[in-house]
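A structural walkthrough
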Amino acid sequence: MQAEDMEVPIINNLNDNGDRQRPKGKDVFKDQQKESESSMESPNLEFEYGDTDTLTSELSELYSYTEEPEFALNRDYFEEDFRSHARGRRWIELTVEEQRTYVMRLLDALEVTDRDKRLKVARAILYLAQGVFDECDTEVDVLHWSRHNVFLLYDMGIFTALLELLSMEIDNNQACSSAVRKPAISLADSTELRVLLSIMYLMVETIRVQTEDDRPEWKAAREAFKNELGSPLYNGEPFALLLFTMVTKFCSMNAPHFPMKKVLLLLWKTILFTLGGFEELQEMKVRGRERLNLPPLPEDSIKVVRAMRAASPPASAMELIEQQQQQKRGRRSRRPLVKQDSLDTYNERDPFKNDDARDEEEDPEDTDSGIEGEVDPLDRDVIIQPPPPPPPLRPPTERVNFPKGLPWAPKVREKDIEHFLETSRNKFIGFTLGNDTDTLVGLPRPIHESVKTLKQHKYVSIAEVQIKKEDELQQCPMTLGEEEVEETPTEMLYLGMLPNLSQYVIALLKLLLAAAPTSKAKTDSINILADVLPEEMPITVLQSMKLGIDVNRHKEIIVKAISALLLLLLKHFKLNHIYQFEIVSQHLVFANCIPLILKFFNQNIMSYISAKNSICVLDFPHCVVHEMPELTAESLEAGDSNQFCWRNLFSCINLLRILNKLTKWKHSRTMMLVVFKSAPILKRALKVKQAMMQLYVLKLLKIQTKYLGRQWRKSNMKTMSAIYQKVRHRLNDDWAYGNDIDARPWDFQAEECALRESIEKFNSRRYDKNKNGDFTPVDNCLQSVLGQRVELPEDFHYSYEMWLEREVFSQPIQWEGLLQNP
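Residues numbered from 1 in each chain as written. Predicted model: local features only at pLDDT ≥ 70, side-chain atom pairs only at ≥ 80, totals over all residues. Heavy atoms only, no water.

What follows is about the overall build of the chain. For the chain, the helix and strand inventory stands at 37 helices and zero strands. Counting the 822 residues in the chain, one finds 49% classified as buried. Long-range contacts, defined here as pairs at least 24 residues apart, represent 80% of the contacts in the chain between residues at least 6 apart. Summed over all atoms, the accessible surface of the chain reaches about 42300 Å², with 53% contributed by carbon and sulfur. (Helix = DSSP H or I, 4+ residues; strand = E, 2+ residues; numbered from the N terminus. Buried < 20%, exposed > 50% of the residue type's maximum accessible area, 1.4 Å probe, protein only. Contact = heavy atoms within 4.5 Å. Areas by Shrake-Rupley, 256 points an atom, 1.4 Å probe, with all protein chains shown as cover.)

Rendered as structure tokens:
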């Protein structure tokens, strides 16, 4: 699938303003009022961003609510088999040795040829991994025994046996072809796959999470399992690649019965386990800088973000009234000066200053205040006149409590210092010295001070060092010799993914598009609900409500898994080598990832974050320990009492971080944000009172501010202030003014082609089997050359005389040509 295949469904929903279509007329005012009130009331969200949610939540999200009857089925199959083995005793009463003996028996039974018998044994193993819940009284007991049993199962080699069965199921052409022919696919079509993937997920997730009371042998098992999953031990490739293959097979419609949610969750947790989470990434970054003799990081970004507070609440009603009165006074005061008069005329004509000129299509955010309380020109259908000189500044009515210090240490790149010195030398001396940043002869004293300050805050990233080294290796392939590449799990994963990288990326984005709440159901889109729809469709209202909640929850979990997976891959590849990151980024951009994420945010983001698509009493392990209360339509509508949905807020932050990674320092991609009218969409996301989410929204607004025009900046001063307070400063970046716009034409193709060329050179130098073909040594020894065995075609002896006559004897030899210089 090429980029244009996804373009139509993504961009069609955006109107000329990059906004959703709104109803006209009186209803607009009511909508504005409602949205304004809800925004005024939106509280600060006590959300702590991390690699994952709590273990209980992560385990419960593995199962759909329609799978609930299968818990009892697993238990029954286990007890049926266990009764004949233990004779009246319970699993938790057995010694460890007796438990091992029984697991060995199950392992042997997995190898039978009868498919139904194998499934029963797999269900018994799944019941063990689920924590023999029938013998437990509390959820804590279930988690305790689940942990104990999972380490036991891993120790007995169950994972390897399951992997073989999984490979068999993936290659089961009969199941695939029957699923393709079915008009409607349900849970029953993926039973074997779901059982196998559930056991594997429980093993990966339980072993991945460390606890304080872990035994020494469990710690050793964790390291061994981590190395196994990350090494090419399974069919010569890391385990994650098998799951990627399942994703592409599903998206190519060859296996529509694959339970995609479970595959994506397992893939995400495998990558998280083998490569490491956000804190491990930070530690790896610190170690990487030490190895390259770079100065340490100015701060720990995780700690800085966690310490941040959300933007201040909106202004009070009194302050708003005062502000309006001041604006009216400002309009009434006339002075006999011509300049002032022209400004007043401008104020009356300016749709952004005149309260009465607000038309019906005003953005609902504009009735709000705080960060959201600014008029957004991109949200309106007004033609802005070329701006005359600005009106005089009014005294500020809203006091901003600035923090004692800005949260981030400012940074400067080497390029910025070079550019500053080049401009200064041109101005004061009349010529430049190229990349020389040390010679300051002839420059005035303030320039010396400026350069000193810039150099104090100079930051050299690992990526810059890697690019410089790669350029040297390309220029001097013979003298610098072979590069030693460390066999890290990230390196092995990249090597395995490289041949089919674009397919993997497109498949993940197809799934993200299908699961996004803004997507319309289309006949040709992928059916991601195969593993949530029951065989018999609901007949009562209650069953329909329950299934509706289940389907929404299912989609949210898929978005969560894909967003976390893509972010992890980008971060790990960037740290491993910048060009590995760049190739994944470029595949994402070409597959329309930027408009897809903007389409995702082009919804009522507050209602998405506070969605109640969970039924707590049906969540595992609650549902297997406690008596099930009777569900009613009222209890389902009420949902849980949580202030927000953790997974949805987590997904939103991940998608914003991905968007930041794709656009950072890429002028052409920043222009894509402007062209796709992202500013009003992003501004609406600022309604969410969560510091980390606001930070990444403000970063995206900052990089495009200079291209949005002076009028936009003038009308969005509170957003500009928030950017100043929260986002890191680049000392000589004029993001707020837009002075260098004319000097930077938007040539998307040239930039991306130059980047692609660098990536291809890197890949061919490092991974091409026939690399350095131009530099292979030539054999000059006549004896060895003539002694080489040459493979000739079978019919050569029939025609070799004709060949000699044509190619050798009939061609005159130009002996003089040998004496001339070539």
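Attention now goes to empty space enclosed by the protein. According to the stated counting rule, one finds six cavities of 30 Å³ or more in the structure shown. Computed from the structure, the largest cavity encloses a volume of approximately 100 Å³. Elements that contribute at least two residues to the lining of the largest cavity include exactly α6 (115-129), α8 (158-170) and α10 (191-208). When residues in the lining of the largest cavity are grouped by element, the largest group, four residues, is from α6. A breakdown of the residues in the lining of the largest cavity according to their chemical character gives five nonpolar, no polar and four charged. Approximately 80 Å³ is the volume found for the second largest cavity. (1 Å grid on protein atoms, 1.4 Å probe; cavity = no way out; pocket = protein on both sides within 12 Å on 5 of 7 lines; lining within 4 Å. Points joined across faces, edges and corners; volume = space filled by probe spheres on them. Nonpolar A, V, L, I, M, F, W, Y, C, P; charged D, E, K, R; others polar.)

When pLDDT is averaged along the chain, the result is 82; 81% of the residues meet or exceed 70. In the model, residues 1-41 has pLDDT below 50 throughout and makes 80 contacts with residues more than four positions away in sequence or in other chains. (pLDDT = per-residue confidence, 0-100.)

Before going further, it helps to spend a moment on the nonpolar core. Counting 195 residues, the largest nonpolar core has W91, F239, F601 and M693 as the members making the most contacts within it. Tallying contributions element by element places helix α23 (residues 541-576) first for this core, with 15 residues. Listed in part, the eight residues of the second largest apolar core include I417, L421, L443 and I447. (Core = buried A, V, L, I, M, F, W, Y, C linked by side-chain atoms within 4.5 Å.)

Taking 1.5 Å as the rise per residue, helix α24 (residues 578-590) with 13 residues should run 18 Å; its terminal C-alpha atoms sit 18 Å apart, in good agreement. Counting buried residues along α24, twelve of its 13 residues qualify, which places the element largely inside the surrounding structure. Taken as a whole, α24 has its buried residues at I578, Y579, Q580, F581, E582, I583, V584, S585, Q586, H587, L588 and V589. At the C-terminal side of α24, N592 shows a positive phi close to 70 degrees. (Expected span 1.5 Å × (residues − 1).)

Tracing the sequence through the fold places L143 in helix α7 (residues 139-155). L143 gets classed as partly exposed once you look at its relative accessible area, which sits at 22%. Sequence separation of L143 and P621 is 478 residues, and the distance between their C-alpha atoms is 8.1 Å. Contacts of L143, omitting those with residues within four sequence positions, involve T56 and L59.

All right, on to the layout of surface pockets then. Gaps between atoms show up when a probe of the same size as a water molecule is rolled over them. Each pocket or cavity is described by its volume, and for the second largest pocket that value is around 870 Å³. Around the second largest pocket sit 27 residues that line it, and R291, E486, T488, L575 and N576 are the ones nearest its centre. Mapped by element, the contributors of at least two residues to the lining of the second largest pocket are α13 (260-275), α14 (278-291), α20 (462-475), α21 (489-497) and α23. Class assignment for the residues of the lining of the second largest pocket results in eight nonpolar, nine polar and ten charged.

One pass over the full model with this rule turns up 38 salt bridges. A salt bridge links D189 to K182, with the shortest nitrogen-to-oxygen separation between them at 2.5 Å. The exposure class of D189 is buried, given its relative accessible area of 19%. Judged by its relative accessible area of 38%, K182 is partly exposed. Three or more residues are tied together by salt bridges with common partners; here these are E58, E61, E205, R208, K269, E556, K560 and R647. (Salt bridge = Lys/Arg side-chain N within 4 Å of Asp/Glu carboxyl O.)

Centre distance and the angle of the planes are the two values used to describe a pair of aromatic rings. As enumerated under the stated definition, the model contains 32 aromatic pairs in all. Centroid distance Y494 to Y767: 5.5 Å. Interplanar angle 50 degrees. Geometry classified as tilted. Here Y494 is found in helix α21, whereas its partner Y767 is found in helix α35 (residues 748-767), with 273 residues between them in sequence. Site record: aromatic cluster; members linked through ring pairs are Y63, F71, F78, F82, W91, Y102, Y127, F133 and F620. One residue, K411, lies across the ring of Y459, its end atom 3.7 Å from the ring centre. (Phe/Tyr/Trp six-rings, centres within 6.5 Å; stacked < 30°, edge-to-face > 60°. Lys NZ or Arg CZ within 6 Å of the ring centre and 35° of its normal.)

Here S186 is to be found in the loop between α9 (173-181) and α10. Here S186 falls in the buried class, since its relative accessible area comes to 10%. In contact with S186, not counting residues within four places along its chain, are A530, L533, P534 and E535.

A few words now on the side chain of E752. Among the secondary structure elements, E752 is positioned in helix α35. By relative accessible area, which is 3% here, E752 ends up buried. Beyond its immediate stretch of four places on either side in the chain, E752 contacts Q586, F590, S668 and R669.

On the surface, F428, I429, F431 and L433 cluster together to form a nonpolar patch covering roughly 340 Å² of accessible area. On the secondary structure map, L433 appears in the loop between α18 (414-428) and α19 (445-456). Classification of L433 by relative accessible area gives partly exposed; the value is 37%. (Patch = residues over 30% accessible without salt bridge, like charges linked within 9 Å, V, L, I, M, F, W, Y side chains within 5 Å.)

Let's shift gears to the environment of Q725. With respect to the helices, strands and loops of the structure, Q725 is situated in helix α34 (residues 717-726). A residue is classified by how much of its surface remains accessible, and Q725, at 18% relative accessible area, is buried. For the pair Q725 and P407, spaced 318 residues apart in sequence, the C-alpha to C-alpha distance is 7.8 Å.

Turning next to the environment of M692. If you trace the backbone, M692 turns up in helix α32 (residues 691-704). Each C-alpha atom of the pair M692 and A307 lies 9.6 Å from the other, and the pair is 385 residues apart in sequence. Here M692 is in contact with Y49, V305, I653 and R657, once residues within four sequence places are set aside.

A few words now on the packing of helix α22 (residues 501-515) against α24. Running from N to C, α22 and α24 point in directions that differ by 50 degrees, and their axes come no closer than 9 Å. Accordingly, the angle class assigned to the pair α22 and α24 is oblique. Here the hand of the crossing between α22 and α24 comes out right-handed. For the pair α22 and α24, contact is made by L501, S502, V505 and L509 and by I583, V584, H587 and L588, respectively. Split into classes, the residues belonging to the contact of α22 with α24 amount to six nonpolar, two polar and no charged. (Axes fitted to C-alpha atoms, helices over the stretch in contact; angles between N-to-C directions. Parallel < 35°, antiparallel > 145°, perpendicular 65-115°, else oblique. Left-handed = near helix turned anticlockwise from the far one by under 90°.)

A few words now on α6. The first and last C-alpha atoms of α6 sit 21 Å apart over 15 residues, in line with the 21 Å expected at 1.5 Å per residue. R118, L119, V121, A122, R123, A124, I125, L126, Y127, L128 and A129 are the residues of α6 that are buried. On its buried face, α6 is in contact with α4 (69-86), α5 (96-109), α7, α8 and α10. Of the residues that open α6, the one with a side-chain oxygen 2.9 Å from the backbone nitrogen of D116 is D114. (Polar contact = N/O pair within 3.5 Å; in protein donor to acceptor, adjacent residues only side chain to side chain.)

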